[in-house]
Structures are given as C-alpha cells and as structure tokens.
Amino acid sequence: MATTIVEQTESEVINHLLSFEALPFVLRHEWNGASGGSNWHLPEGDVDYGDACTIGKQWANLFLEYMESNPIDVGSGGILGSIVRCMKEETGGRRGYAVGFFSRLERALAR
C-alpha cells in the first residue's frame, strides 16, 4: 500500500478518495456484516525511517485534503482522535510513519 502512494502523485490519489475509508492508512474489512479494521494501519515489514517519514507526510497531506473536502467531518466526530487511538508504539524505522504524519499536521496548524 505505501509503495502505491510513493509511485502516484498526490493529486491522482486525492481524485480517488471518496471516503475516510479510502485513505491509504485506513483498513476496513467485513465479516458477518460487521465492519472492522483500523484507522492507522501500517504496511507490513521493516522500512527505512526516512522513507517512513516521507510516506507519513504524504498520508497527512491526503488527510488534510480529505478534511478540506469534507468540512462536515471537521470537529464533529473526532476523526484525528480515532486515528491516534489506533496507533501503537512502533520501533525502528516504522516510527517514521507517525513522525512524518504529525510533523506535517503541525506545519498545517502553524499556518
């Protein structure tokens, strides 16, 4: 999944986003009619810290675009909080996903 984001431009990905569930870090699956998954699902395996930071920033850009395109969701349901609740402490390079994600969000908040 992360490889797809690196290979596509952000605008191409944004054009395909129809819902929160379409964000690349959101995983949904169904069983017996009930949905499940995670609002912060990372690709499997080891990753270089710098690459993970880059991907995390790209994910944040997509999240910001989603929020701008769906203003009704802003502040109404705690979407960012639901992402944070799904995060677990990562080690090694995998920490970079969250670091990149939040560093980009911090820049957006500072504007």
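Below is a summary of the structure that appears in this document.

Examining the side chain of Arg-104
Step number 1: Assignment of secondary structure puts Arg-104 in helix 5 (residues 95-110).
Step number 2: Contacts of Arg-104, omitting those with residues within four sequence positions, involve Lys-57, Ala-60, Asn-61, Leu-64 and Arg-111.

A look at the packing of aromatic side chains
Step number 1: Tallying each qualifying case throughout the model produces nine aromatic pairs.
Step number 2: The interplanar angle of 45 degrees and the centroid separation of 5.4 Å between the aromatic rings of Phe-25 and Trp-40 together place this pair among those described as tilted. Taken together, the positions of Phe-25 in the loop between helix 2 (10-16) and strand 1 (27-31) and Trp-40 in the loop between strand 2 (34-38) and helix 3 (49-69) put the pair 15 residues apart, joining distant regions of the chain.
Step number 3: By relative accessible area, Phe-25 is classed as buried at 0%.
Step number 4: Exposure remark for Trp-40: the relative accessible area of 7% places this residue in the buried category.
Step number 5: Ring geometry for Trp-40 versus Trp-59: centroids 5.4 Å apart, planes at 85 degrees, classification edge-to-face. Here Trp-59 lies in helix 3 and Trp-40 lies in the loop between strand 2 and helix 3, a separation of 19 residues in the sequence.
Step number 6: Overall, Trp-59 belongs to the buried group, its relative accessible area being 0%.
Step number 7: Taken together, the ring pairs connect Phe-25, Trp-40, Trp-59, Phe-63, Tyr-97, Phe-101 and Phe-102 into an aromatic cluster.

Rules and cut-offs
- Residues numbered from 1 in each chain as written.
- Predicted model: local features only at pLDDT ≥ 70, side-chain atom pairs only at ≥ 80, totals over all residues.
- Heavy atoms only, no water.
- Helix = DSSP H or I, 4+ residues; strand = E, 2+ residues; numbered from the N terminus.
- Contact = heavy atoms within 4.5 Å.
- Phe/Tyr/Trp six-rings, centres within 6.5 Å; stacked < 30°, edge-to-face > 60°.
- Buried < 20%, exposed > 50% of the residue type's maximum accessible area, 1.4 Å probe, protein only.

Nothing here speaks to function; it is geometry throughout.
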